[in-house]
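Close look at the chain arrangement
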Amino acid sequence: MPFVSIRISGTATKDQKSGIVADVTRSLVERLGKNPAAVQIVIEEVSTENYGAGGILIADRDAPKLQEDAHAESSQ
């Protein structure tokens, strides 16, 4: 019985997660011959405030870009 754990930063819609589950299940059926009823998939959404890379939180890494974009729009 395949068990797949997927972690994504931020959030995804129910439709996006449904598509991921369908795609991963189909891949395991096609590539490994697994029974689709036996495939189990868990999608965990990790808040960008709880995830870091390169020594900084993802939320902090993305914040300056958002501020720069807002500043650029107000300058135009």
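Residues numbered from 1 in each chain as written. Predicted model: local features only at pLDDT ≥ 70, side-chain atom pairs only at ≥ 80, totals over all residues. Heavy atoms only, no water.

Now for the overall build of the chain. Along the backbone of the chain there are two helices and four strands. Residues classed as buried in the chain amount to 13% of the 76 residues present. Contacts spanning at least 24 positions in sequence make up 61% of the contacts within the chain whose residues lie at least 6 apart. Here the chain displays about 5900 Å² of accessible surface, and carbon together with sulfur accounts for 50% of that area. (Helix = DSSP H or I, 4+ residues; strand = E, 2+ residues; numbered from the N terminus. Buried < 20%, exposed > 50% of the residue type's maximum accessible area, 1.4 Å probe, protein only. Contact = heavy atoms within 4.5 Å. Areas by Shrake-Rupley, 256 points an atom, 1.4 Å probe, with all protein chains shown as cover.)

On to the pattern of salt bridges. Summed over the entire model, instances satisfying the criterion amount to three salt bridges. Note that Arg-7 and Glu-44 form a salt bridge whose closest N and O atoms lie 3.1 Å from each other. One end of the pair, Arg-7, is in strand S1 (residues 3-9); the other, Glu-44, is in strand S2 (residues 40-46), with 37 residues separating them in the sequence. Among the ionic pairs, Glu-45 bridges to Lys-17, the shortest N-O distance being 3.2 Å. (Salt bridge = Lys/Arg side-chain N within 4 Å of Asp/Glu carboxyl O.)

Moving on, we get to the pairing of S2. Where S1 meets S2, seven bridges bridge the pair, whose relative direction is parallel. Residue Phe-3 lies in a different strand from S2, and its bridge partner there is Gln-40. Since S1 and S2 lie parallel, the crossover through helix H1 (residues 14-32) that links them has a hand, and here it is right-handed. (Pairing = 2+ DSSP bridges. Right-handed = clockwise from strand over helix to strand, strands pointing away.)

What follows covers the confidence of the model for the chain. Atomic detail in the predicted coordinates should be set aside for any region of low pLDDT. Overall, the predicted model of the chain reaches an average pLDDT of 89, with 83% of residues at or above 70. Per-element confidence in the chain ranges from a low mean pLDDT of 67 for helix H2 (residues 58-75) to a high of 98 for H1. (pLDDT = per-residue confidence, 0-100.)

The next thing to look at is H1. End to end, H1 covers 26 Å across 19 residues, agreeing with the expected 27 Å (1.5 Å per residue, within 8%). Positive backbone phi, at 70 degrees, marks Gly-33, one or two positions downstream of H1. (Expected span 1.5 Å × (residues − 1).)

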